[in-house]
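Structure assessment
One-letter residues, chain by chain:
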Amino acid sequence: MKTVVSVIGKDAVGIIADVSAVCNECNANIVDITQSVLQDMFVMVMLTEIKDLNCSFTDYSNKMKKLGEDRGLDIRVMHEDVFNSMHRI
Amino acid sequence: MINLNDIMETINMISEENLDIRTITMGISLLDCCDSDPEIACEKIYNKITRLAGNLVKVGEDIEREFGIPIINKRISVTPISMILASSGGDPLMYAKTLQRAADATGVNFIGGYSALVHKGFSAGDEALIRSIPRALSETTNICSSVNIGSTKAGINMDAVKLMGEIVRETAEITKDRECIGCAKLVVFCNAVEDNPFMAGAFHGVGEPDCVIHVGVSGPGVVQAALKKCPNGDLGELAEIIKRTAFKITRMGQLVGSEASKRLGVPFGIVDLSLAPTPAVGDSVAHILEEMGLERCGIHGTTAALALLNDAVKKGGVMASSYVGGLSGAFIPVTEDAGMIDAARSGDLRLEKLEAMTAVCSVGLDMIAIPGETPAEVISAIIADEAAIGMVNSKTTAVRVIPAIGKKQGEELDFGGLLGSGPIMQVNLNKSPKKFIDRAGRIPAPLQSLKN
């Protein structure tokens, strides 16, 4: 199963590194990544494959959430089907 | 990869515009729980509900986490208890307490189905169940009750209408120390649907499978935000925007419903395409109507705006889901909608206008606090009026009014949570409909042609 990790917040050094580190720690494979900085806002979306996750989905999701809280970012992990079903017929 | 803008749109809908799945409701048939011994019947009911729905809350929470979509309620609807009572006998309250025990064990928010279908007349069990409603709702916390008193094919059972006026009042009296909360869990229907996932009117119809999953979506805030981006479009354009938004909201419901049905191993029933408001700011149906250009919900033009909204929601939602059902439309529960509460407080929204609105929207007079002095026959007359609208227009209508015992027009009731709070609205008490209601009997089914 693939998940979309979305990161929104104020731009700063090392955001991608930190998010990638959590992926690495949980053995989530980064399949695709796109990001842009609009004015001061950093927006990144990362597609990760989590079939070989070494922890539960909840742990993975909580770690991302915790990272978001620590760095003052809004980080969400959501199943890719949410976006596929909403935006594709 | 999915478009960045699409991803941001979805996230924004959830985080800023209150998009959520309002409810996953598991419908469970209790017909095979009948027994000649009522105690055994109750035990069978408890066992069946806890066996089938034991995982419902957990699966709901798992989906919520994995998909990142809030799922507000997990609920159960069951076969109308009057049918079980008819064959198994015993004290109806026993069944209410059994359902409460099952609700506690499964952790669901509500179990609906303490119900009776009496649109043509009372059969065994019906009257006993109806008379037990006040105590059942007072002595339980998570049980909802509904009574169907009319239909387009059968007409209106005015004996039942008369009785329900008394029952609504009695329910308010018996729960008067708790803001008359009993009445918030009691709804009187005309043309009740069998697959409704929303409370208080959910029950599991006899034509349904043994166990089934229904989903009710929500998202008035999303529609309002979409309309805000089109301040000068004509009404055709607004309808188009609402359709597109409803499509997206419903896709979410379809996804969650099919996922829940897969994980629970239970067939998927329907998505109820509804705009269900909450008292939260930015989650109001009234505010959508105001966004369309009405200075306040309830003024002239409200019925037309609501008709456009209701129809566009259905048109957009129908294509997004493989099976649509339930009540499907915009809800207008007064105490649960921030915009309606304001409009009722300022006096712009009145009972008469709400009644007109129910002719073009999803259900009926919903969550309306009325003065405590309102006599039973006036409540019956309100029910009869509303049922007549449903009967003639072949649609579901309902009445969920709360007589605020000991309070007067202008004072407020506060239920807290999703049930909200609101002012006690004005009811015309100058003259009495008592003679009309006391005649009782049955209003014949209406003609279905010569429609003017």
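Residues numbered from 1 in each chain as written. Chains lettered and ligands numbered in written order. Predicted model: local features only at pLDDT ≥ 70, side-chain atom pairs only at ≥ 80, totals over all residues. Heavy atoms only, no water.

**With respect to the sheet that holds strand 1 (residues 2-10) of chain A**
Residues and elements named next belong to chain A. Heads up, the rule is: At least two bridges found by DSSP between two strands is the condition for calling them paired. Secondary structure elements are taken from DSSP: a helix is a run of H or I of four residues or more, a strand is a run of E of two residues or more, and numbering for both begins at the N terminus. Comment: axis = line fitted to C-alpha atoms, over the contacting stretch for helices; angle = value between 0 and 180 degrees taken between N-to-C directions. Residue contacts are defined here by distance: any two heavy atoms, one from each residue, within 4.5 Å place the two residues in contact.
Strand order across the open sheet formed by four strands is 2-3-1-4, with antiparallel pairing between neighbours. What marks the edges here is a single partner per strand, and that holds for strand 2 (29-38) and strand 4 (74-79). Strand-to-strand, the axes of this sheet are offset by a mean angle of 15°, without reference to chain direction. Direction of pairing for strand 1 relative to strand 3 (residues 41-49): antiparallel, over a ladder of nine bridges. If you follow V4 over to strand 3, its bridge partner there is L47. Across the sheet, helix 3 (residues 80-87) lies against strand 1, strand 3 and strand 4, angled at about 75° from strand 4, the strand it touches most.

**Comments concerning the nonpolar core**
Our working rule: In this description, a nonpolar core means a group of buried Ala, Val, Leu, Ile, Met, Phe, Trp, Tyr and Cys residues linked to one another through side-chain atoms lying within 4.5 Å. The classification of residues rests on relative accessible area computed with a 1.4 Å probe and restricted to protein chains. Under 20% of the type maximum is buried, over 50% is exposed, and intermediate values are partly exposed. Delimitation of the domains relies on an automatic or database domain assignment.
Ranked by size, the top nonpolar core spans 147 residues in total, and within it I149(B) and L309(B) carry the most contacts. Here the element with the most residues in this core is helix 9 (residues 235-264) of chain B; it accounts for eleven residues. A domain split of this core shows at least three residues from each of domain 1 (23-190) and domain 2 (215-438) of chain B. Leave out the neighbours within four places in its chain, and I149(B) touches V118(B), H119(B), G155(B), I156(B), N157(B), A160(B), V161(B), M164(B), V188(B), F189(B), I383(B) and A387(B). Grouped together as the second largest cluster of nonpolar side chains are 20 residues, V5(A), V7(A), I50(A) and F57(A) included.

**Observations regarding the confidence of the model for chain B**
Where we set the bar: Scored from 0 to 100, pLDDT reflects the predictor's confidence in each residue.
When pLDDT is averaged along chain B, the result is 94; 100% of the residues meet or exceed 70. Here the prediction assigns the complex a pTM of 0.91, and the interface score ipTM is 0.86.

**Concerning the interface of chain A and chain B**
Selection rule: Buried area counts how much accessible surface, traced with a 1.4 Å probe, disappears from two parts once they are put together, with both parts' losses summed. Salt bridge criterion: a side-chain nitrogen from Lys or Arg within 4 Å of a carboxyl oxygen from Asp or Glu. Any pair of N or O atoms that falls within 3.5 Å is considered a polar contact. Within protein, one atom must be able to donate a hydrogen and the other to accept it, and sequence-neighbouring residues count only if both atoms are side-chain atoms. Charged residues are taken to be Asp, Glu, Lys and Arg, nonpolar residues to be Ala, Val, Leu, Ile, Met, Phe, Trp, Tyr, Cys and Pro, and polar residues to be all remaining types, Gly included.
Taken together, the 28 residues of chain A in the interface contact 24 residues of chain B. Summed over both sides, the interface between chain A and chain B buries roughly 2400 Å², with carbon and sulfur atoms accounting for 74% of that surface. In terms of surface lost to chain B, no three residues of chain A exceed F83(A), M86(A) and H87(A), which account for 26% of the buried area on that side. One can count zero salt bridges joining chain A with chain B. Scanning the region where chain A abuts chain B turns up six residue pairs in polar contact (both at pLDDT 80 or more). Listed by contribution, the elements that provide at least two residues to the side of chain A that touches chain B are strand 1, strand 2, strand 3, helix 2 (57-71), strand 4 and helix 3 of chain A. Among the elements that make up the side of chain A that touches chain B, the one with the highest residue count is helix 3 of chain A (eight residues). Across the side of chain A that touches chain B, the residue classes tally to 15 nonpolar, eight polar and five charged.

**Quick notes on the pattern of salt bridges**
Residues and elements named next belong to chain B. One pass over the structure, following the stated rule, counts 34 salt bridges over all chains. Its salt-bridge partner being R345, residue E412 comes within 2.6 Å of it at the nearest N-O pair. On the criterion of sequence distance, the pair formed by E412 in strand 13 (residues 412-414) and R345 in helix 12 (residues 338-346) is long-range, its members being 67 residues apart. Since its relative accessible area comes to 30%, E412 is described here as partly exposed. On the basis of relative accessibility, which here comes to 46%, the residue R345 falls in the partly exposed class. Residue R400 pairs with D366 through a salt bridge whose shortest N-O separation is 2.7 Å. Taken as a pair, R400 in strand 12 (residues 397-404) and D366 in strand 11 (residues 365-371) lie far apart in primary sequence, 34 residues in all. Assessed through its relative accessible area of 14%, D366 is described here as buried. Taken together, the shared-partner salt bridges in this structure form one network comprising E66, E259, K262 and R263.

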